[in-house]
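Remarks on the overall topology
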Amino acid sequence: MADAVIVASRRTAIGRAFKGSLVPHRPDDLLAEVTRALLSSTPTIDPEQIDDYLLGCSLAGGEQGGNLARIVPVMLGFDGVPGTTVNRYCTSSMQTTRMAHQTIRNGDGSVYLSMGLESVSRIGSRGPDPTEDERHPMFRGLTPSNPWVDPRERGGVPDVFMGMGVTAENVADVHRVSRAEMDDYAVRSQELAVSAQASGFWDDEIVPIEHPNGSVFDRDESLRAGSTVSGLAGLAPVFREGGRVTAGNSCPLSDGVAGLTIVDDRTAKGVDSPYKARIVSTAVHAVSPEIMGIATIGAARRALQRANLEVADLDVVEINEAFAAMVIPTYRDLGVPLEKVNPFGGAIALGHPFGMSGARITGTMIRGLRSRGGRYGLQTMCVAGGQGMAMVVELLD
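This text gives an overview of the structure that appears in the document.

Cut-offs applied
Every chain is numbered independently, its residues counted from 1 as its sequence is written. Note on the predicted model: pLDDT of at least 70 is required for a residue's local features to be given, and 80 or more for side-chain atom pairs to be given and counted; whole-chain, interface and lining totals, by contrast, use all residues. With hydrogens and water stripped out, all remaining heavy atoms of the structure feed into the side-chain values. Strands here mean DSSP runs of E at least two residues long; helices mean DSSP runs of H or I at least four residues long; both are numbered from the N terminus. When we talk radius of gyration, it's over C-alpha atoms, and the globule rule is simply 2.2 Å times the number of residues to the 0.38. Think of it in three bands: residues with accessible area under 20% of the maximum for their type are buried, residues over 50% are exposed, and the middle band is partly exposed, with areas taken using a 1.4 Å probe on protein chains only. Every residue pair with non-hydrogen atoms within 4.5 Å of one another is taken to be in contact. Methods summary: accessible areas were calculated by the Shrake-Rupley approach with a probe of 1.4 Å, and residue burial reflects only the protein chains presented. Just so you know, the count uses Lys and Arg for positive and Asp and Glu for negative, and it drops His and the chain ends. For this purpose, a charge sits on NZ of Lys, CZ of Arg, CG of Asp or CD of Glu. Take the buried Ala, Val, Leu, Ile, Met, Phe, Trp, Tyr and Cys residues and link them wherever side-chain atoms come within 4.5 Å; each set so joined is a nonpolar core. The axes used here are C-alpha line fits, helices contributing only the stretch in contact, and every angle between their N-to-C directions lies in the interval 0 to 180 degrees. Roughly parallel means an angle under 35 degrees; roughly antiparallel means over 145; roughly perpendicular covers 65 to 115; every other angle is labelled oblique. Crossings are classed by handedness, with left-handed meaning an anticlockwise turn of the near helix from the far one by less than a right angle and right-handed meaning a clockwise turn. In this classification, Asp, Glu, Lys and Arg are treated as charged, Ala, Val, Leu, Ile, Met, Phe, Trp, Tyr, Cys and Pro as nonpolar, and every other residue, Gly included, as polar. Basic side-chain nitrogens of Lys or Arg form a salt bridge, by our definition, when they fall within 4 Å of a carboxyl oxygen of Asp or Glu. Here a strand pair is declared whenever DSSP counts at least two bridges between the two strands. Throughout, right-handed denotes a crossover for which the path from the first strand over the helix to the second runs clockwise when the strands point away from the viewer.

Let us now look at the overall build of the protein. Looking only at helices and strands, the protein features twelve helices and twelve strands. Relative to the compact-globule value of 21 Å for 397 residues, the protein shows a C-alpha radius of gyration of 20 Å, a close match. A principal-axis box enclosing the C-alpha atoms of the protein has dimensions of 55 × 45 × 45 Å. Split into buried and exposed, the 397 residues of the protein put 59% on the buried side. Put simply, of all contacts in the protein between residues at least 6 apart along the chain, 80% involve residues at least 24 apart. Accessible area for the protein stands at about 15200 Å²; split by element, carbon and sulfur atoms hold 48% of it. Side chains of the protein carry 37 positive and 47 negative charges; the gap between the two charge centres is 3 Å.

Structure below.
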């Protein structure tokens, strides 16, 4: 049985939605630029060897619609490369990585591109989701409880369409995460990301995007240097009156593209790359949609069990920072020391382009393992609708 090995990762810098540097750029053009750069980084792989081009995109409509996973290869002249677009919301490009891993393990192919895309600016935050009137009648007009009580226990049904900010408030209630803890964590994320950016940690993976005026966008632009706990404490809650979730301890809306080249272990031997990592295991898990942020815990446990590893074996743990309210219960429940969690900052500082983040975080994790002299990394992400996904990787020499 073949192993799946990640041999390259490239991405755009992450832009602020609606007012940032990627707003003028079509998502299909950005995807094409990152694909070119990804292929250029592995010259021993002929594009015609690609068995499938897998694209994760959460808001697949408008300029992001029409199965860009097939359209972009055609744009690039690779008519023989098939493609499919996948939506598992925030883990869309983690799902495409999982698909590549499973297909290689099954012996059904040897070269895959796992891409992630989100241009919130160009598609709008609503995307293709149904309106209230378009939902199944079972999920219309639901009223959230405050504090949270399992809707099954009070004779109702879970709100599978509940806004993510409200689910974060629910998780903070259930797991007793204080506002101060969330703000402390958010400042940590900012400080670590600012330090990583200043050190050039991401420089070799970022694909410069040229603007029509000749300027170049090549640095993540949502980082807030100088963030303080006292400054964040002055921000009002966004999603619930008297709540704890603010713009400061949540990820900003963002735009970006990321991609990974994933091959079987035989092909990997012929690729010159300092960032090779074997995919050891993956897992998904689900809980009530109204507390979706903690589905990461079950997914992580399943992935570790399948990898025959313990938390103590991990050197880097990347937990997607959709909200600090969700990260804190995850690492606490799993027993991960904080110093191993998102050591280069996370989405609170960098931003979270939904479909992109899975692939971006994988690249960060692999670089983090190399930087820290580690071997095993765990990546977890929560997903709208009450899901969580996890993946374990092993850095190869």
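There's more to say after this.
Core analysis: the largest hydrophobic core is formed by 69 residues, its most contacted members being L31, Y53, M115 and I262. Setting aside its immediate chain neighbours within four residues, Y53 contacts L31, T35, A69, V72, P73, V81, P82, G83, T84, L113 and M115. Judged by nonpolar contacts, the second largest core, of 44 residues, contains A186, A283, I291 and L309.

Turning our eyes to something else, we now look at the environment of E318. Here E318 shows up in strand 10 (residues 316-319). Expressed as a C-alpha distance, the spacing of E318 and M391, which sit 73 residues apart in the sequence, is 9.9 Å. The residues touching E318, leaving out its near neighbours within four places in the chain, are N342, P343, G345, I361, T364, M365, L378, Q379 and T380.

Now for the packing of helix 5 (residues 164-174) against helix 10 (residues 324-334). At a closest axis distance of 8 Å, the pairing of helix 5 and helix 10 adopts a crossing angle of 40°. Classed by the angle they form, the pair helix 5 and helix 10 counts as oblique. Crossing handedness for the pair helix 5 and helix 10: left-handed. Touching M164, T167, A168, V171 and A172 of helix 5 are A325, M326 and P329, all from helix 10. By residue class, the composition of the contact of helix 5 with helix 10 is seven nonpolar, one polar and no charged.

As a further point, take the pattern of salt bridges. For the structure shown, the criterion picks out 18 salt bridges. Across the pair D183 and R179 runs a salt bridge whose closest N-O atoms are separated by 2.9 Å. You can see D183 and its partner R179 sitting in helix 6 (residues 179-199), four residues apart, about one turn around the helix. Taken individually, D183 and R179 each receive the classification buried, so the pair is uniform in this respect. As a salt-bridge pair, E394 and R375 come within 2.8 Å of each other at their nearest N and O atoms. Note that E394 is positioned in strand 12 (residues 387-395) and R375 in the loop between helix 12 (354-372) and strand 11 (376-383), a separation of 19 residues in sequence. On the basis of relative accessible area, R375 is assigned to the partly exposed category, the value being 45%.

Next up on the list: the pairing of strand 4 (residues 83-86). Two elements, strand 3 (residues 52-57) and strand 4, share four bridges in a ladder whose sense is parallel. Bridge pairing links G56 to V86 in strand 4. Crossover handedness for the path strand 3 to helix 2 (residues 68-75) to strand 4: right-handed.

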